[in-house]
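# Results of the structural survey
Next come the chains, spelled out residue by residue.
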Amino acid sequence: MRIQDFHQALADIGARPCHIGRITRAWLKGLPLDHGTLRQRGEHYFPRVVREGLPQVSHTLDTLARIHTQHAAADGSLRLLVALADDQLVESVLLPRDGLCVSSQVGCAVGCTFCMTGKSGLLRQLGSAEIVAQVALARRLRPVKKVVFMGMGEPAHNLDNVLEAIQLLGTDGNIGHKNLVFSTVGDARVFQRLPTLAVRPALALSLHTTRADLRAQLLPRAPRITPEALVAQGEAYARLVDYPIQYQWTLLAGINDTQEELDAVVGLLKDRYGVLNLIPYNSVEGDSYRRPSSTRIETIRRYLQSHGILTKIRDSAGQEVEGGCGQLRARAAGLIDHSRLLRRKASAGAAPSAG
């Protein structure tokens, strides 16, 4: 379902534009569709024919995104495995400090070799209403003041639906434009479309290396744009919207954490209007990649910071529940072994009595 389909369903039950606006805002807040205001109850505002038709519309919306399982983590995040109307599963993550990470696709076609979502391939796109429904669902649990499009899927491959969702969230959803973060591996259409929008989101670019050849190996089906060109386009957008670019860098031990890479990062990002987010790899059983040691991660951050690169460490939320991007869905679908997680939980449960 796309947002226009939702609005058409409301028009079909007799809702006028003023009704559609109020109903949409109530949905986006996670409230019942017939929710009124402090001064006017819903039954005094909506015509009878609209009130009678709303339960069916509400039922349809509720099937767009419903909680399949949820996994709380010690860092305050809450990972949601969300079932769609066709029973496909995607992941949403309620982050600390009122943030939410949403998915735009079931699976992903980019095929990043370090990402579990990429290993499943692309199954289907999400409609704009399905994307927004993740926000409405999350707001029933916690406040959401920031939405990042960094969940399952490459937003640039579902551009129309993602931009429709951003437009609605930045208006009726009451989310600040810079608190909407569009993440991409780099696609020419992104740099063409985003500057033309009424709601222009912040931008996060998946960089991961300064070497074009290594990037092609790590992101095998990403556009063949050099890191230098990607950073140049990111810089232009950052200056246009007056908000820094976020450069994403998944740290892989022995691959992109070398001193050679760090020196190249300094040359590439020095004096750029952006921040480098270091994301230590969230390991999957049987994978060949490794997470650098905590000491090495901190050494990298300090080195880059000392050379003028604003650098932050962004651990994937929910490390102890093994909830890195795509892992919850993969485990539910039987694509990865969950025995290690069960052993870890059992060990954690036994720890207090052992003392």
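Preceding this paragraph is the structure being described.
Residues numbered from 1 in each chain as written. Predicted model: local features only at pLDDT ≥ 70, side-chain atom pairs only at ≥ 80, totals over all residues. Heavy atoms only, no water.

With that out of the way, let us pick up the side chain of D187. Mapping D187 onto the fold places it in the loop between strand 8 (180–184) and helix 7 (188–193). Here R189 takes part through its side chain, which lies 2.8 Å from a polar atom of the side chain of D187. With residues up to four places along the chain from it excluded, the contact list for D187 reads A156, H157 and P223. (Helix = DSSP H or I, 4+ residues; strand = E, 2+ residues; numbered from the N terminus. Polar contact = N/O pair within 3.5 Å; in protein donor to acceptor, adjacent residues only side chain to side chain. Contact = heavy atoms within 4.5 Å.)

On to the packing of helix 5 (residues 128–139) against helix 6 (residues 159–169), then. Close contact between helix 5 and helix 6 brings their axes to 8 Å; oriented N to C, the two are set at 45°. Taken together, the axis directions place helix 5 and helix 6 in an arrangement best described as oblique. Viewed along their axes, helix 5 and helix 6 form a crossing whose handedness is right-handed. Residue-level inspection shows S128, I131, V132 and V135 of helix 5 in contact with helix 6, the latter providing N161, V162, E164, A165, L168 and L169. (Axes fitted to C-alpha atoms, helices over the stretch in contact; angles between N-to-C directions. Parallel < 35°, antiparallel > 145°, perpendicular 65-115°, else oblique. Left-handed = near helix turned anticlockwise from the far one by under 90°.)

For the structure shown, the criterion picks out 3 aromatic pairs. Each ring, one from Y281 and one from Y289, has its centre 5.8 Å from the other, and the planes form 75°; the classification is edge-to-face. The residue whose ring lies beneath R22 is Y45, and the NZ or CZ to ring-centre distance is 3.7 Å. (Phe/Tyr/Trp six-rings, centres within 6.5 Å; stacked < 30°, edge-to-face > 60°. Lys NZ or Arg CZ within 6 Å of the ring centre and 35° of its normal.)

Between side chains of opposite charge, pairing is possible as soon as their charged atoms come close. Scanning all chains against the criterion turns up 16 salt bridges. Residue E91 pairs with R79 through a salt bridge whose shortest N-O separation is 3.8 Å. Taken together, the residues E91 in strand 3 (residues 89–95) and R79 in strand 2 (residues 78–83) connect sequence positions 12 residues apart. Here E91 and R79 have matching classes, each one buried. Measuring nitrogen to oxygen at the nearest pair gives 3.0 Å for the salt bridge that ties D213 to R211. The exposure class assigned to D213 is partly exposed, which follows from its relative accessible area of 44%. On the basis of relative accessibility, which here comes to 37%, the residue R211 falls in the partly exposed class. (Salt bridge = Lys/Arg side-chain N within 4 Å of Asp/Glu carboxyl O. Buried < 20%, exposed > 50% of the residue type's maximum accessible area, 1.4 Å probe, protein only.)

Turning to the sheet that holds strand 3, a few remarks are in order. The mixed open sheet is built from 10 strands, whose spatial order is 1-2-3-4-7-8-9-10-11-12. The open sheet has two edge strands, strand 1 (66–72) and strand 12 (311–313), and neither has a second partner. Between one strand axis and the next, the sheet turns by 20° as a mean value, whatever way the strands run. Bridge count for strand 11 (residues 274–280) against strand 12 is 3 bridges, and the pairing is parallel. By the bridge assignment, L276 is partnered in strand 12 with T311. Most of the contacts of helix 11 (residues 294–306) go to strand 12, to which it runs at about 165°, and overall it touches strand 10 (245–251), strand 11 and strand 12. (Pairing = 2+ DSSP bridges.)

The end-to-end C-alpha distance of helix 11 is 18 Å, a good match for the 18 Å that 13 residues give at a rise of 1.5 Å each. Listed as buried for helix 11 are I297, I300 and L304. Axial view of helix 11: buried residues confined to an arc of 60°, hence all on one face. Counted as exposed and oriented over 90 degrees from the buried face of helix 11: S294, T295, R302 and S306. Each element contacted by the buried residues of helix 11 is listed here: strand 10, helix 10 (259–269), strand 11 and strand 12. Once helix 11 finishes, G308 follows within two positions and takes phi at roughly 85°, a positive value. (Expected span 1.5 Å × (residues − 1). Arc of directions from axis to C-beta.)

Attention now moves to the environment of L123. As for its position among the elements, L123 is in strand 6 (residues 122–125). Spatially, the C-alpha atom of L123 lies 5.4 Å from that of V106, the residues being 17 residues apart in sequence.

Turning our attention to the nonpolar core. Membership of the largest hydrophobic core comes to 79 residues, with the highest contact counts inside it found for W27 and F149. At 8 residues, the largest contribution of residues to this core is made by helix 5. In this structure F149 touches V102, I131, P155, V162, A165, I166, L169, L180, V181, F182 and S183, once residues within four positions along its chain are discounted. C115, L214, L252 and Y289 belong to the second largest nonpolar core, which has 13 residues in total. (Core = buried A, V, L, I, M, F, W, Y, C linked by side-chain atoms within 4.5 Å.)

Another aspect to go through is helix 1 (residues 3–12). When helix 1 is considered as a whole, its buried residues turn out to be I3, F6 and L10. Axial view of helix 1: buried residues confined to an arc of 65°, hence all on one face. Check the buried side of helix 1 and you find it contacts helix 2 (17–28), helix 3 (48–64), helix 5 and helix 6. G14 sits one or two residues past helix 1 and shows a positive phi near 100°.

With that settled, consider the pairing of strand 1. Pairing analysis gives 6 bridges linking strand 1 to strand 2, with the strands arranged antiparallel. Across the sheet, I67 pairs through a bridge with V82, a residue of strand 2. Hairpin connection from strand 1 to strand 2: 5 residues lie between these consecutive antiparallel strands, with G76 at a positive phi of about 95°.

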